[in-house]
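Read off the chains here:
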Amino acid sequence: MPTIQHNGATIYYEEYGSGFPILTFAPAGVQSTIEVWRKPMAPINPMTEWAANYRVIVMDQRNAGGQSHAPLTAQYGWPSYESDHVAVLDHLKIKRCHLYGQCIGGSFIFSLLKNHPDRIASAVIAQAIGRIGPLKPGRAERFNTWAKGLADSGSHPEINEALLDTVYQNMYGAGFVYSADRAFVASCQTPCLTLAGNDDAHPYPISEEISRLLPKNEGLIKEWKSGQPLVAARTAVNAFWAKHTP
């Protein structure tokens, strides 16, 4: 079973195809697993979409309900996930790759662009999560569902309400795209392509602002989830990969 161990975490990943690597991050928030790529919420499935021409890496995020696990601490947040992603790249001896992320994958991408720009050839940011305005009181339903699953599993005796509040604040307190601020996005020099969001969790204004701020963004695709717009988006993404593959 393809897993790696690092810093107390066990991370499960799979590989498809060969060629220049694309590291991918599935949607579904903190419940992001490989299996989500096979569901309707993911119009573009990297495992079937790009494996003919690229080395596609998919992974279960830590504690997402798949086969990746890690303890929860008061430091749990975007850097925790980033360390997993870098550990996978290091384990696979990948020095440079493309990134594709949907939903929470947008925040994962910005963490890597911010802290490891030399390792990223280009990035496609699909339906990024984000927030405009202050954080609402309490915790989001999806986060609470995730936390209940961890508690019910019996494998996280460290969980308590205070710790969950801290983790939630670590991840979502900052707003915008959560893992990076506007100043960084406006300074990022990595070629990017943006596929827009269109609901409360993936606000269109966030996608539009990302597209506008990124100095090397090569387009904002507003419609891309079904029918002819999906066909056109696939063509645009394939052309983007080809343009930026060394």
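A. Region of the structure containing the environment of Gly77. In this fold, Gly77 is placed in the loop between β4 (55–59) and α2 (78–91). Judged by relative accessible area, Gly77 falls into the buried class, the value being 1%. Along the chain, Gly77 and Gly130 lie 53 residues apart, while their C-alpha atoms are 15 Å from each other. Setting aside anything within four residues of it in sequence, one finds Gly77 in contact with Asn170 and Met171.

B. Just the confidence of the model for the protein chain, in detail. Of all residues in the protein chain, 100% have pLDDT values of 70 or greater, and the mean over the chain is 97. Mean pLDDT across the elements of the protein chain bottoms out in helix α4 (residues 141–153) (95) and peaks in strand β3 (residues 21–25) (99).

C. Expanded view of the pairing of strand β6 (residues 120–126). Burial within β6 is extensive, with seven of its seven residues counted as buried. Of the pairings in the sheet, the one linking strand β5 (residues 97–102) to β6 comprises six bridges and is parallel in character. Following the sheet pairing, Cys97 is matched in β6 by Ile120. Traced from β5 through helix α3 (residues 104–115) to β6, the parallel crossover comes out right-handed.

D. Highlighting the environment of Ala183. With respect to the secondary-structure elements, Ala183 resides in helix α6 (residues 182–187). Given a relative accessible area of 56%, Ala183 falls into the exposed group. Taking the C-alpha atoms as reference points, Ala183 and Val167, separated by 16 residues in sequence, lie 24 Å from one another.

E. Examining the packing of aromatic side chains more closely. What the rule picks out here adds up to 16 aromatic pairs. Taking the centre distance of 6.2 Å and the plane angle of 40 degrees together, the rings of Tyr76 and Trp146 count as tilted. Residue Tyr76 is found in the loop between β4 and α2, and its partner Trp146 is found in helix α4; the two are separated by 70 residues along the sequence. The class of Tyr76 is buried, set by a relative accessible area of 1%.

F. Quick peek at the environment of Asp165. The topology assignment puts Asp165 in helix α5 (residues 161–172). Asp165 sits in the partly exposed class, given a relative accessible area of 41%. Between the alpha carbons of Asp165 and Asn63 there is a distance of 17 Å; along the sequence they are 102 residues apart. Among the polar contacts made by the side chain of Asp165, one reaches the side chain of Arg139 at a distance of 2.6 Å.

G. Broad picture of unusual backbone geometry. In this structure, Gln127 takes a positive phi of about 55 degrees despite not being glycine. Structurally, Gln127 can be placed in the loop between β6 and α4. The class for Gln127 is buried, based on a relative accessible area of 6%. Positioned with a positive phi, Tyr178 is a non-glycine residue whose angle comes to about 75 degrees.

H. Quick look at the pairing of β3. Taken across its five residues, β3 has five buried, putting it largely inside the fold. Residues Pro21, Leu23 and Phe25 of β3 are buried on one face, and the alternating residues Ile22 and Thr24, pointing to the opposite face, are buried as well. Looking at chain direction, β3 and β4 are connected through three bridges and run parallel. Note that in β4 the partner of Pro21 across the bridge is Arg55. Pairing geometry for β3 and β5, over four bridges, is parallel.

I. Structural view of the nonpolar core. The biggest cluster of nonpolar side chains holds 56 residues, and the ones touching the most others in it are Phe110 and Tyr172. Not counting chain neighbours up to four residues away, the residues in contact with Tyr172 comprise Val30, Trp78, Ile104, Ile129, Arg131, Leu135, Phe143 and Tyr178. Among the nonpolar cores identified, the runner-up in size contains 28 residues, and Ala28, Tyr100, Ile221 and Val237 belong to it.

The rules we used
Along each chain, residues carry numbers from 1 onward, in the same order as the chain's sequence is written. Reporting in this predicted model follows two pLDDT cut-offs: at least 70 for local features of residues, and 80 or more for side-chain atom pairs to be given and counted; totals over whole chains, interfaces and linings ignore these cut-offs and use all residues. Only heavy atoms go into the side-chain values, all of them from the structure, while hydrogens and water stay out. Where helices and strands are cited, they refer to DSSP runs of H or I of at least four residues and of E of at least two residues respectively, numbered from the N terminus. Note on exposure labels: buried denotes an accessible area under 20% of the residue type's maximum, exposed denotes more than 50%, and partly exposed covers the range between, all computed with a 1.4 Å probe on protein chains only. Residues count as neighbours in contact if any of their non-hydrogen atoms are within 4.5 Å of one another. As a per-residue measure, pLDDT tells how confident the predictor is, with possible values from 0 to 100. Between any two strands, at least two bridges found by DSSP are needed for them to pair. Crossover handedness is defined by viewing with both strands directed away from the observer: a clockwise path from the first strand over the helix to the second marks the crossover as right-handed. Two aromatic rings from Phe, Tyr or Trp, using only the six-membered ring of Trp, form a pair when their centres are within 6.5 Å; if the ring planes differ by under 30 degrees the pair is stacked, by over 60 it is edge-to-face, and anything between is tilted. We call two N or O atoms a polar contact when they sit within 3.5 Å, provided that within protein one can donate a hydrogen and the other can accept it, with sequence-adjacent residues counted only if both atoms are side-chain atoms. What makes a nonpolar core is a set of buried Ala, Val, Leu, Ile, Met, Phe, Trp, Tyr and Cys residues whose side-chain atoms join them at distances within 4.5 Å.

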